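What follows is each chain in one-letter form.
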Amino acid sequence: MDIKDIEKVLSEIIHPARERDILSLDMVEDLKIDGNNIRFKLVFPSPDALSSSIKAEIEKALTAAFPDYRPRIVELVRETKAKKRIGLDLDEKQLEYVGKIIAVASGKGGVGKSTVAVNLAVALAAKGYKVGLADADVYGPSVPKMTGTEEYMPDVVREDDMDLIVPVERYGVKWMSIGYFARPDQALIWRGPMACNALKQMILQVKWGELDYLLIDLPPGTGDIHISLVHDIPLSGAVVVSTPQAVALADVEKGVNMFRNKDINKPILGLVENMAWFTPAELPENRYYIFGKEGCKAMAEKFGLPLLAQIPIVQSIRESGDEGHPSADMEGPVAEAFSQLADAVVRESSKI
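Keep in mind it's a predicted model, so treat the numbers as computed, not measured.

### Describing the sheet that holds strand 12 (residues 211–217)
Here comes step 1: Strand order in the open sheet made by the 8 strands is 10-11-7-12-6-13-14-15, with mixed pairing throughout. Each having just a single partner strand, strand 10 (168–170) and strand 15 (307–313) make up the two edges of the open sheet. Geometrically, the sheet is characterised by an average inter-axis angle of 25° between neighbouring strands, direction not taken into account.
Here comes step 2: As paired strands, strand 7 (residues 131–135) and strand 11 (residues 173–177) are joined by 5 bridges and run parallel to one another. Each bridged residue has a counterpart across the sheet, and for L133 the counterpart in strand 11 is W175.
Here comes step 3: Docked against the sheet, helix 4 (residues 113–126) engages strand 6 (98–105), strand 7, strand 11, strand 12, strand 13 (237–242) and strand 14 (268–278), running at close to 170° with respect to strand 12.
Here comes step 4: Its contacts with the sheet put helix 9 (residues 295–303) on strand 13, strand 14 and strand 15, and the angle it makes with strand 14 is roughly 160°.

### Some details on the pattern of salt bridges
Here comes step 1: Summed over the entire model, instances satisfying the criterion amount to 11 salt bridges.
Here comes step 2: Between D217 and K113 there is a salt bridge whose closest N-O contact spans 2.7 Å. One end of the pair, D217, is in strand 12; the other, K113, is in helix 4, and 104 residues separate them in sequence. Residue D217 shares its accessibility class with K113, and that shared class is buried.
Here comes step 3: The partner of E348 in a salt bridge is K351, with the nearest N and O atoms 3.3 Å apart.
Here comes step 4: Given the relative accessible area of 58%, K351 is considered exposed.
Here comes step 5: Bridged by salt links that share partners, the residues R347, E348 and K351 form one connected network.

### Describing the side chain of T147
Here comes step 1: Position of T147 among the secondary structure elements: in the loop between helix 5 (143–146) and strand 8 (156–159).
Here comes step 2: A polar contact of 2.7 Å, which involves the side chain of T147, links it to the backbone oxygen of V143.
Here comes step 3: Among the polar contacts made by the side chain of T147, one reaches the side chain of T149 at a distance of 2.8 Å.
Here comes step 4: Non-local contacts of T147, meaning those with residues more than four positions away in its chain, are made with V118, R170, Y171, W175, Y180 and G324.

### Here's the deal with the packing of aromatic side chains
Here comes step 1: The final tally for this structure, using the stated rule, is 2 aromatic pairs.
Here comes step 2: Geometrically, the ring pair formed by Y129 and Y213 is edge-to-face, given 5.5 Å between the ring centres and 80° between the ring planes. Of this pair, Y129 sits in the loop between helix 4 and strand 7 while Y213 sits in strand 12, placing them 84 residues apart in sequence.
Here comes step 3: Among the residues examined, Y129 registers a relative accessible area of 29% and is labelled partly exposed.
Here comes step 4: Summarising the aromatic geometry, the rings of F278 and Y288 are spaced 6.5 Å apart at their centres and angled 40° between planes, so their arrangement reads as tilted. One end of the pair, F278, is in strand 14; the other, Y288, is in the loop between strand 14 and helix 9, and 10 residues separate them in sequence.
Here comes step 5: Given a relative accessible area of 38%, Y288 falls into the partly exposed group.

### What to know about the pairing of strand 9 (residues 162–165)
Here comes step 1: In terms of strand pairing, strand 8 meets strand 9 through 4 bridges, oriented antiparallel. Residue pairing for strand 9: R158 is matched across the bridge by D163.

### Here we look at the pairing of strand 6
Here comes step 1: Counting buried residues in strand 6 gives 6 out of 8 residues, a clear majority hidden from the surface.
Here comes step 2: Here 6 bridges tie strand 6 to strand 12, and the two strands are oriented parallel to one another. Across the sheet, I101 pairs through a bridge with L214, a residue of strand 12.
Here comes step 3: One ladder, built from 4 bridges, connects strand 6 with strand 13; its direction is parallel. Note on strand 13: the bridge partner recorded for A103 is A238.

Parameters and conventions
- Residues numbered from 1 in each chain as written.
- Predicted model: local features only at pLDDT ≥ 70, side-chain atom pairs only at ≥ 80, totals over all residues.
- Heavy atoms only, no water.
- Pairing = 2+ DSSP bridges.
- Helix = DSSP H or I, 4+ residues; strand = E, 2+ residues; numbered from the N terminus.
- Axes fitted to C-alpha atoms, helices over the stretch in contact; angles between N-to-C directions.
- Contact = heavy atoms within 4.5 Å.
- Salt bridge = Lys/Arg side-chain N within 4 Å of Asp/Glu carboxyl O.
- Buried < 20%, exposed > 50% of the residue type's maximum accessible area, 1.4 Å probe, protein only.
- Polar contact = N/O pair within 3.5 Å; in protein donor to acceptor, adjacent residues only side chain to side chain.
- Phe/Tyr/Trp six-rings, centres within 6.5 Å; stacked < 30°, edge-to-face > 60°.

Next up, the structure:
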């Protein structure tokens, strides 16, 4: 084995967004064989949301080709131009024809926030609106699974000296997620700044076109990603999702306070109570309040916010999510609840 053998393997590694191999893109520097180690620098001209997946693909290819050698790769970002803040300049260009940008948030995980976001998008599209959804949960993207688009790879087009990602379209909605660029079993181990840069690319470097609504499915909590988002993306407002359970409601207050913080100050359209009650398929008129009754209603009254909708639990909502067919695209009480939520979001967003 020599350097040329290694270069041959590396020449088959393609950057998904730039559609060229990493050697021709001059991304490999100081390639050498050091004992049983293959060492080199993997250089990116700017922060890249795909860096981790590209590095993982390189390591896999080299290990398969040279099992007696261990890849030792150092990632570098070497900007050739003065650093440009990715933010309002791109907003004006790529979000120019986007009407309302609405974040779907939750104070904690496990309340069905992504389920609400996906079904709200589908329900809005069913009413004739042009809708897009950006999956901002970069650590646990679930939109590809819930929409049955796991096998899709978005196209990339070149416009005005910029690579733009073309969103996936299904159920009348334009979808974008970091999950389209990483294997389902791949853990994205990123620090806050890397995650924020990936999020910005998933929103600001996408060819959205004309939209009435762009929904952003935020990760749970109130961390770096949320702060970066509200500073760099022109949010119109937010919808906060919770269950009626006391432990979930305690975190709703944190979410509401984050958007109402004087340094953020984004309007909240209202609360959504998910898992409001359980209705068995064989007893459609029965309601069992497993997680408590109308907890979100009381919380909404406390903060002077509308309760946008109460979404029941039925077995089909879990099954449809696993099968990649959103409940809002079907018939039944859950679809009707999401239709009512869409009407409420349209009504409240018209006030801002």
